[in-house]
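# Structure assessment
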Amino acid sequence: MGALSSAPFHHPLNLLLLSMAAKIVLVLVLSLLVYAVSGENPSACTGSAQQCRLQRLRTVKPTRQWESEGGRTELWEESEEEFQCAGVAAIRHTVLPNSLYLPNFQPAPMLVYIEKGEGLLGLTYPGCAETYESQTSQELSRRRSSRMAQPQGERSRRSDQHQRIHRIRRGDILAIPAGAAHWSYNDGNEELVAFAVMDLNNQANQLDRRFRSFFLAGGEPRQEHMEGDRERMRQRRSRQQRVGFQSLFSGFSEELLAEAYNIPVNIARRLQEDDSQRGIIVRCQEEMRRMIRPDEDRQEGQRWLNGLEEAGCTTRIIHNLDSQRESDFVSRQGGRVNIVNRHKLPILRFMDMSAEKGHLFPNAMYTPHWSMTDNRVVYVLRGEARVQIVDDNGNNVFDETVKRGDVFVIPQFYAVTSKAGNDGFEYVTIKTSGQPMKSPMAGYTSVIRAMPIDVLANSYQMSLRDAQNLKDSRGHQSFLLSSSSRSAS
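Being a predicted model, the structure only gives us computed values, none of them experimental.

Before going further, it helps to spend a moment on the confidence of the model for the protein. Regions with low pLDDT carry predicted coordinates that are not meant to be interpreted in detail. Per-residue pLDDT for the protein has a mean of 80; in total, 72% of the residues score no lower than 70. Scored below 50 in pLDDT, residues 1-9 makes 3 contacts in the model with residues more than four places away or belonging to other chains. Note that residues 237-243 has pLDDT below 50 and, in this model, 10 contacts with residues that lie over four places away or in other chains.

If you want it as structure tokens, here you go:
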């Protein structure tokens, strides 16, 4: 009976129908899976690799600029083709003395380079204790008698407690993780200038790939200045359709805010007031002296930290790129290069970003090379250099003399070289990889040096002697090449 009952399923026609049905079901399942993935992640079908088919690269100017009460902000948006290719956006803040860059956070990790000045940086990690107090117990006891003579409202005030504050100065690179609230204050006598790059394609960013900044106070002024012709300005406005950065508190009802903080409604209303006329960098009425500064934290009392807080809450976020002792490449004739990666600054392991600062001596050259791991945003600090970039078709897509303040993008795998001018060349590069790797095309560690002579002779139709000269021409020079008077014949 068992054989008879199962016999119809072994009929050739039935087997064929079952096979076709199974294939149809498999195709439907795969189709639904692909649809679900592309629906949840729109960039999956239009990834950054598809956006790097650029006919020409160029130095990029800020697309938006606006003045705040305490400084100026310039923004290079992701809408520019070069920045779409790299999946990044860039911003530069100029903070005047005794001015505060208001607390905010971004949905993607960001590296900040301090170009000028010095100041204080506060970075708030969720779940970390406020381990610093503005007054020690000794100070409190000394002032207890004087406080007894004060009104009850004054006596009820407690010493301020806050998380660690960092000293920042020229040459520092700052690692700002995604979603970490931060602020900065210029306590110096000159402008504080900071250039930052945000990696929008980083896996930490689950929003759309455009520049966003969430402010906890203040707001972007309504009137802004936009660089470029009228048509480009119109296209940017139609693409982005936004008013500007505004405080998150403005979107909540004052009743819920008052209940959440257990404060009077009039104080909650202060959190919501439109303060965009002051901007996102504001002048302080007086110098901020109550908070504990980095040079004081050794004298002040601190609470004990548990193991988790020691690992996350006290992690180092700053590395100075001006230190010559830590230079990764040094040449007496060529210059020096200092790289900060996840080994020098462990927090970059989680952010998957890195930075490089280079100083080329007059007329020195950075060997032709390509990056195997990252897109790069280059910011020129001083001097000038002739820079050439070549794409996969052998096209020269960038050939310019770059100068101070210029910003340009080097896409991953594109070959690039640069030659400093008579006054040298200094730059900083932000990279979209925590462990960057280059492949040089000339010099002691180059791909040419590593190849057999026969391969070179047959590849370039040259004699074995010329192939040997090609391999050995730079001796032991590697990434940084000295100026050479030898010309091609």
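Alright, that's what it looks like, and here's the rest.
Glancing now at the side chain of S439. Mapped onto the elements of the fold, S439 is located in strand 24 (residues 438-440). Overall, the relative accessible area of 9% leaves S439 in the buried class. For S439, the residues in contact, after removing those within four places along its chain, are P368, H369, W370, M372 and V447.

Another aspect to go through is the packing of helix 12 (residues 453-460) against helix 13 (residues 464-472). Contact geometry of helix 12 with helix 13 gives a least axis separation of 9 Å together with a crossing angle of 110°. In this view, helix 12 runs roughly perpendicular relative to helix 13, as classed from their interaxial angle. For the pair helix 12 and helix 13, the sense of crossing is right-handed. Only L464, A467, Q468, L470 and K471 of helix 13 make contact with helix 12, whose side of the interface consists of I453, D454, L456 and A457. Grouping the amino acids of the contact of helix 12 with helix 13 by side-chain chemistry returns 6 nonpolar, 1 polar and 2 charged.

This part is about the nonpolar core. In terms of nonpolar packing, the biggest core is built from 65 residues, with F83, L111, V112, I173 and F195 touching the most fellow members. The dominant element in this core, judged by the number of residues it contributes, is strand 12 (residues 192-199), at 6 residues. When neighbours within four sequence positions are excluded, V112 is seen to be in contact with D172, I173, L174, I176, A194, F195 and A196. Counting 25 residues, the second-largest nonpolar core is a separate cluster that includes L360, I410, V416 and F425.

What follows covers a nonpolar patch on the surface. A cluster of nonpolar side chains, M372, F413 and M437, forms an exposed patch at the surface whose accessible area comes to about 310 Å². As for its placement among the helices and strands, M437 is situated in the loop between strand 23 (415-431) and strand 24. Residue classification places M437 among the partly exposed positions, given a relative accessible area of 44%.

Looking at the secondary structure, you find P221 in the loop between strand 13 (214-215) and helix 6 (230-240). On the basis of relative accessibility, which here comes to 9%, the residue P221 falls in the buried class. For the pair P221 and G279, spaced 58 residues apart in sequence, the C-alpha separation works out to 5.2 Å.

To continue, consider the packing of helix 7 (residues 254-261) against helix 8 (residues 265-272). Their axes nearest at 8 Å, the elements helix 7 and helix 8 cross at an angle of 115°. Taken together, helix 7 and helix 8 sit at an angle that is classed as roughly perpendicular. Crossing geometry of helix 7 relative to helix 8 is assigned as right-handed. Contact residues: helix 7 offers E254, L257, A258 and Y261, while helix 8 offers V265, A268, R269, L271 and Q272. Looking at the contact of helix 7 with helix 8 residue by residue, the classes come out as 6 nonpolar, 1 polar and 2 charged.

To continue, consider unusual backbone geometry. Phi is positive for D352, which is not a glycine, with a value near 55°. As for its placement among the helices and strands, D352 is situated in the loop between helix 10 (348-351) and strand 18 (354-360). Taking the relative accessible area as the measure of exposure, D352 reaches 39% and is therefore partly exposed.

As a further point, take the packing of aromatic side chains. Aromatic rings in a pair are described by how distant their centres are and how their planes are angled relative to each other. With the rule as written, the count across this model stands at 9 aromatic pairs. Measuring from centroid to centroid gives 5.6 Å for W76 and F195, while their planes differ by 80°, and the two rings are edge-to-face. A residue pair is termed long-range when its members are at least 10 positions apart, and W76 in strand 2 (residues 71-76) and F195 in strand 12 qualify at 119 residues. One exposure class covers both W76 and F195, and it is buried. Ring geometry for F425 against Y427: centres 5.5 Å apart, planes inclined by 25°, an arrangement best described as stacked. With respect to burial, F425 and Y427 carry one shared label: buried.

Procedures and definitions
- Residues numbered from 1 in each chain as written.
- Predicted model: local features only at pLDDT ≥ 70, side-chain atom pairs only at ≥ 80, totals over all residues.
- Heavy atoms only, no water.
- pLDDT = per-residue confidence, 0-100.
- Contact = heavy atoms within 4.5 Å.
- Helix = DSSP H or I, 4+ residues; strand = E, 2+ residues; numbered from the N terminus.
- Buried < 20%, exposed > 50% of the residue type's maximum accessible area, 1.4 Å probe, protein only.
- Axes fitted to C-alpha atoms, helices over the stretch in contact; angles between N-to-C directions.
- Parallel < 35°, antiparallel > 145°, perpendicular 65-115°, else oblique.
- Left-handed = near helix turned anticlockwise from the far one by under 90°.
- Nonpolar A, V, L, I, M, F, W, Y, C, P; charged D, E, K, R; others polar.
- Core = buried A, V, L, I, M, F, W, Y, C linked by side-chain atoms within 4.5 Å.
- Patch = residues over 30% accessible without salt bridge, like charges linked within 9 Å, V, L, I, M, F, W, Y side chains within 5 Å.
- Areas by Shrake-Rupley, 256 points an atom, 1.4 Å probe, with all protein chains shown as cover.
- Salt bridge = Lys/Arg side-chain N within 4 Å of Asp/Glu carboxyl O.
- Phe/Tyr/Trp six-rings, centres within 6.5 Å; stacked < 30°, edge-to-face > 60°.

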